[in-house]
Amino acid sequence: MNNKIDFPTQLRAQCCCPNCRANVSEGFSLEQLFCNRCKSEFFTMENIPCLFPAGTHQRLIWQHQTAMLISLAEQALSNIRESLARYDLSDATRERLAEIYKANLINRDSIQSLLTKKSVPPEFNETLNQMNAGDLSEYFDLIFRDWGWDTTSEPSEENKNALKRITSLIDTLPNSPKRVLVLGAGAGRLSWDIHTYLDPDFSLAVDSNPLLLAVADELIKKKNSLTFGEFKLFPQIDFPTTATRNIPSPQVSTHQSSNWFLLAANVWNLPLQNQSFDLIITPWFIDVNGGDVRDLIGLIQNLLTPEGSWLNTGPLLYTRHLPTQLKYSQAEIKEFFSLSGLTFTSERTDQAPYLVSPMEARIRTEQIWSFVATQTVDTQPVAGVIANWLVMHHLPIPVANYRSFQSHPLIDAIIQMIDGKKSINTISTILDPQMPEGVAVKEVVVAILGQLVLDTRAAEEEIARP
Ligand SMILES: C[S@@+](CC[C@H](N)C(=O)[O-])C[C@H]1O[C@@H](n2cnc3c(N)ncnc32)[C@H](O)[C@@H]1O
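Reading guide: rules and limits
- Within each chain, residue numbers correspond to sequence positions counted from 1 in written order.
- At least 70 in pLDDT is required for a residue's local features to be given in this predicted model, at least 80 for side-chain atom pairs to be given and counted, and no such filter applies to totals for whole chains, interfaces and linings, which use all residues.
- Neither water nor hydrogens contribute to the side-chain values; these are computed over all heavy atoms in the structure.
- Under the DSSP-based scheme used, a helix requires at least four consecutive residues in state H or I and a strand at least two consecutive residues in state E, with every element numbered from the N terminus.
- Here the globule rule reads 2.2 Å times residues to the power 0.38, and the radius of gyration is calculated from C-alpha atoms.
- We call two residues in contact whenever any of their non-hydrogen atoms come within 4.5 Å of each other.
- What sets the accessible areas is the Shrake-Rupley method with a 1.4 Å probe; for residues, cover comes only from the shown protein chains.
- This count recognises Lys and Arg as positive and Asp and Glu as negative, with His and chain-terminal groups excluded.
- A charge is said to be at NZ when it belongs to Lys, at CZ for Arg, at CG for Asp and at CD for Glu.
- Here a salt bridge means any side-chain nitrogen of Lys or Arg lying within 4 Å of a carboxyl oxygen belonging to Asp or Glu.
- Between buried and exposed lies partly exposed: a residue is buried under 20% and exposed over 50% of the maximum accessible area for its type, with that area taken using a 1.4 Å probe on protein chains only.
- Side-chain rings of Phe, Tyr and Trp (the six-membered ring for Trp) are treated as a pair once their centres are within 6.5 Å; stacked means planes under 30 degrees apart, edge-to-face means over 60, and tilted covers the remaining angles.
- Near residues are defined by distance, with any heavy atom within 4 Å of the molecule or strand qualifying the residue.
- Any N or O atom pair separated by 3.5 Å or less is treated as a polar contact, with the protein-specific requirement of one donor-capable and one acceptor-capable atom, and with residues adjacent in sequence counted only for side-chain atom pairs.
- Amino acids are sorted into nonpolar (Ala, Val, Leu, Ile, Met, Phe, Trp, Tyr, Cys and Pro), charged (Asp, Glu, Lys and Arg) and polar (every other residue, Gly among them).
- Each domain's extent is set by a domain assignment, obtained either automatically or from a database.
- As used here, the term nonpolar core means buried Ala, Val, Leu, Ile, Met, Phe, Trp, Tyr and Cys residues forming a set that is joined through side-chain atoms within 4.5 Å.
- Criterion used throughout: strands pair if DSSP finds at least two bridges between them.
- Convention adopted: a line fitted to C-alpha atoms gives each axis, helices being fitted over their contacting stretch, and angles between N-to-C directions are expressed from 0 to 180 degrees.
- Orientation labels follow simple angle bins: below 35 degrees gives roughly parallel, above 145 gives roughly antiparallel, 65 to 115 gives roughly perpendicular, and whatever is left gives oblique.
- To be clear, the arc concerns the directions from the helix axis to the C-beta atoms.
- Less than a right angle of anticlockwise turn of the near helix away from the far helix marks a crossing as left-handed, whereas a clockwise turn marks it as right-handed.
- The span expected for a helix works out to 1.5 Å for each residue beyond the first.

### Notes on the overall build of the chain
Phase 1: Looking only at helices and strands, one finds 15 helices and 13 strands in the chain.
Phase 2: Computed over C-alpha atoms, the radius of gyration of the chain comes to 25 Å, within 12% of the 23 Å expected from 2.2 N^0.38 for 466 residues, which places it in the range of a compact globule.
Phase 3: Across its three principal directions, the C-alpha atoms of the chain cover 95 × 50 × 50 Å.
Phase 4: Long-range pairs, those at least 24 residues apart, make up 72% of the contacts in the chain between residues at least 6 apart in sequence.
Phase 5: Counting only carbon and sulfur atoms, one obtains 51% of the accessible surface of the chain, whose full area is about 22300 Å².
Phase 6: Computed over 39 positive and 52 negative side-chain charges, the inter-centroid distance for the chain is 3 Å.

What follows is the structure, given as structure tokens:
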């Protein structure tokens with residue numbers, strides 16, 4: 001099968017199956033969008049590979065989400081049409097409604113034609129409708145912030161300052177990174193600006209939102225312009241309620257756009273092999289990825305080359321649904337670094353305006369924590385932690401003479417798996433298929449191993465007692 005994926009050879013070689021992690025020599029084929037080992041089938045949005053564990057089913061999910069978005073827009077249009085037909089409106093109210101109607105119409109048409117062009121046409125799915133498939137418009141304003149509010153006549157400071165914060169840290173790196181990975185790249189602006197600043201061999205911008213990926217692809221790779229309607233829910237004095245944003249393709253050099261790539265993937269099942277990148281950037285991502293920061297640290301440590309760096313920027317504005325236990329403070333995250341052998345080489349905290357539209361009287365400011373961390377061999381002890389690998393689930397569990405005061409086949413099975421290489425994550429993955437449905441395997445493994453460490457220590461103390 002011939003697809004339009006334009007990844008260079010080096011990047012192709014770093015891809016793997018998001019399901020079974022087979023690499024190119026083990027059966028994964030980016031050309032065929034197929035894994036010959038686990039028989040998973042994938043798809044593209046034009047030239048963007050879409051490599052999710054759900055395979056081609058992911059496209060159905062997106063198509064359903066597109067249909068839901070279009071249907072919401074149509075509902076809003078129908079409501080406004082009904083209102084406009086009333087007899088009790090003044091011209092001013094009619095004008096306001098007509099403007100909102102126009103902005104909605106532009107968005108419905110732009111989104112529908114963009115996603116249809118990218119092979120994600122709207123298609124309602126009854127089964128998916130029973131579940132909450134998620135909202136594609138969640139980060140819609142990022143499109144405006146990245147590309148729409150930053151015009152020659154009205155330049156926005158927000159993108160410029162975001163880049164400045166990053167470059168102040170990049171400039172502290174000992175070597176210029178050649179293989180750059182951006183996780184949660186959104187509508188692509190920051191990853192693009194960093195790419196043009198660094199001029200690496202390649203940059204790979206990953207996101208799971210097809211609308212944002214489609215926008216970034218059109219503007220940067222296809223060099224097409226886009227139009228969206230912006231409208232505010234609340235009127236603000238002396239500010240317009242709506243605007244038509246004609247977004248031109250940025251002035252991009254062909255050299256630089258030809259080695260900046262998009263990948264549609266879920267960060268928790270990345271189709272990328274370990275030790276593939278020498279700079280990983282997480283812009284406004286560590287708090288909104290649906291997972292545990294500790295697991296993100298593990299994932300990044302695995303993907304980085306030994307001398308590679310992790311550059312983070314963004315707040316700790318964790319999503320509402322995340323359990324309180326996982327809403328870690330900066331101090332806790334620093335402890336995770338000490339436990340994992342990561343060192344901060346530079347760091348800064350800024351207070352900056354966020355998502356400031358020229359149509360917005362209200363200004364939201366956020367606290368932004370930016371840092372560069374590199375890998376060291378040394379880990380540091382942290383108060384209250386009985387073993388670093390118990391907290392950081394990607395670290396290998398050391399071999400020891402583990403003893404348990406309880407007897408259970410699962411405890412024995414876990415002890416037998418400890419070989420100095422496997423981590424809590426690896427053991428949990430091995431045990432997962434054997435566990436009853438609904439059991440949080442990792443929780444069980446952590447509980448058993450935690451008790452095992454305490455029992456082993458107690459037994460050793462008992463032996464040492466005179
Ligand atoms: C707050 S936005 C930040 C976007 C961009 N980095 C920026 O600074 O504008 C978070 C982004 O992460 C993406 N995202 C969240 N969870 C993800 C996951 N598990 N895998 C891939 N992308 C994810 C979202 O789609 C969204 O584009």
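This is not the end of the story, as more comes after the structure.
### Digging into the pattern of salt bridges
Two side chains of opposite charge can pair, provided their charged atoms sit close to one another.
Phase 1: Considering all chains together, one arrives at 28 salt bridges under this definition.
Phase 2: Note that arginine 189 and aspartate 193 form a salt bridge whose closest N and O atoms lie 2.9 Å from each other. On the criterion of helical spacing, the pair formed by arginine 189 and aspartate 193 is a turn pair, its members being 4 residues apart in helix α7 (residues 189–198). Both residues of the pair, arginine 189 and aspartate 193, belong to the buried class.
Phase 3: The closest approach of N and O atoms between aspartate 295 and lysine 442, which form a salt bridge, is 3.1 Å. Separated by 147 residues along the polypeptide, aspartate 295 in helix α10 (residues 293–303) and lysine 442 in helix α15 (residues 441–464) bring together distant segments of the chain.
Phase 4: With a relative accessible area of 24%, lysine 442 lands in the partly exposed category.
Phase 5: Residues joined in a network through salt bridges with shared partners are Glu46, Lys117, Lys118, Asp217, Glu218 and Lys222.

### What to know about the environment of proline 122
Phase 1: Along the chain, the position of proline 122 falls in the loop between α3 (91–117) and α4 (126–130).
Phase 2: Of the residues examined, proline 122 reaches a relative accessible area of 29% and is grouped as partly exposed.
Phase 3: Through-space distance from the C-alpha of proline 122 to that of asparagine 269 is 25 Å; in sequence the pair is 147 residues apart.
Phase 4: In contact with proline 122, not counting residues within four places along its chain, are Gln63, Thr66, Ala67, Ile70, Gln112 and Thr116.

### A word on the packing of aromatic side chains
Phase 1: Evaluation of the coordinates by the stated rule reveals 18 aromatic pairs.
Phase 2: Their ring planes at 10° and their centres at 4.3 Å tell us that tryptophan 284 and tyrosine 354 sit as a pair that is stacked. Highlighted residues: tryptophan 284 in the loop between β10 (277–283) and α10 and tyrosine 354 in strand β12 (residues 342–354), separated in sequence by 70 residues.
Phase 3: The exposure class assigned to tryptophan 284 is partly exposed, which follows from its relative accessible area of 22%.
Phase 4: Judged by centre distance (5.4 Å) and plane angle (25°), the rings of tryptophan 310 and phenylalanine 337 are stacked.

### Observations regarding the site of the ligand
Phase 1: The environment of the ligand is made up of 19 residues, and the closest members are Arg145, Gly184, Asp207, Asn266 and Pro283.
Phase 2: Within the backbone of glycine 184, one N or O atom sits 2.7 Å away from a nitrogen atom of the ligand.
Phase 3: Note that a nitrogen atom of the ligand is positioned 2.9 Å from one of the side-chain N or O atoms of asparagine 266.
Phase 4: Taken by itself the ligand offers 590 Å² of open surface, and the protein chains cover 92% of this.
Phase 5: Tallied by class, residues from the shell around the ligand come to 11 nonpolar, 6 polar and 2 charged.

### A word on the domain arrangement of the chain
Phase 1: What the domain assignment lists for the chain is domain 1 (57–130), domain 2 (140–375) and domain 3 (396–464).
Phase 2: Averaged C-alpha coordinates put domain 1 and domain 3 at centres separated by 52 Å.

### Quick notes on the nonpolar core
Phase 1: Ranked by internal contacts, the top residues of the largest apolar core, which has 71 residues, are Leu183, Leu204, Trp310, Trp389 and Leu449.
Phase 2: Residue assignment places this core across two domains, with domain 2 (140–375) and domain 3 (396–464) each supplying three or more.
Phase 3: In contact with leucine 204, other than residues within four places in its own chain, are Phe7, Leu11, Val180, Leu181, Val182, Phe261, Leu262, Leu263, Leu272 and Phe277.
Phase 4: Residues Ala187, Ala205, Leu226 and Ile247 belong to the second largest nonpolar core, which totals 54 residues.

### Some thoughts on the pairing of strand β9 (residues 260–264)
Phase 1: For β9, a buried count of 5 out of 5 residues is recorded, marking the element as mostly surrounded by other parts of the structure.
Phase 2: Side chains Trp260, Leu262 and Ala264 project from β9 onto one buried face, and the interleaved Phe261 and Leu263 project onto a second face that is buried too.
Phase 3: Bridge count between strand β6 (residues 202–207) and β9: 5 bridges; the pairing is parallel. The residue of β9 that forms the bridge with leucine 204 is phenylalanine 261.

### Let's talk about the packing of α3 against helix α8 (residues 210–221)
Phase 1: Two numbers describe how α3 lies on α8: the axes approach to 10 Å, and their chain directions differ by 80°. Classified by the angle between their axes, α3 and α8 sit roughly perpendicular to one another. Of the residues in α8, those touching α3 at Ile111, Leu114, Leu115 and Lys117 are Pro210, Leu211, Ala214, Val215 and Glu218.
Phase 2: Taken together, the residues of the contact of α3 with α8 break down into 7 nonpolar, no polar and 2 charged.

### Observations regarding helix α14 (residues 424–431)
Phase 1: Restricting attention to buried positions, one finds in α14 the residues Ile424, Ile427, Ser428 and Leu431. Buried residues of α14, seen end-on, are gathered within an arc of 100° and therefore sit on one face of the element.
Phase 2: The secondary structure elements touched by the buried residues of α14 are α12 (388–391), α13 (409–417) and α15.

### Regarding the packing of α10 against helix α11 (residues 330–340)
Phase 1: One can describe the packing of α10 onto α11 by two numbers: an axis separation of 10 Å at closest approach and a directional angle of 40°. Between α10 and α11, the angle is such that the two are oblique. The element α10 and its partner α11 pack so that their crossing is right-handed. Residues Val293, Arg294, Ile297 and Gln301 of α10 lie in contact with α11, whose contacting residues are Ile333, Phe336, Phe337 and Ser340.

### Details of α3
Every α-helix winds through 3.6 residues per turn, so residues three or four apart in the chain are directed the same way.
Phase 1: Over its 27 residues, α3 runs 38 Å from end to end, which matches the ideal 39 Å to within 8%, given 1.5 Å per residue.
Phase 2: Along α3, the positions that sit buried rather than exposed are Leu97, Ile100, Tyr101, Ala103, Asn104, Ile106, Asn107, Arg108, Ser110, Ile111, Leu114 and Leu115.
Phase 3: Just downstream of α3, serine 119 is the residue with a positive phi angle, here 65°.

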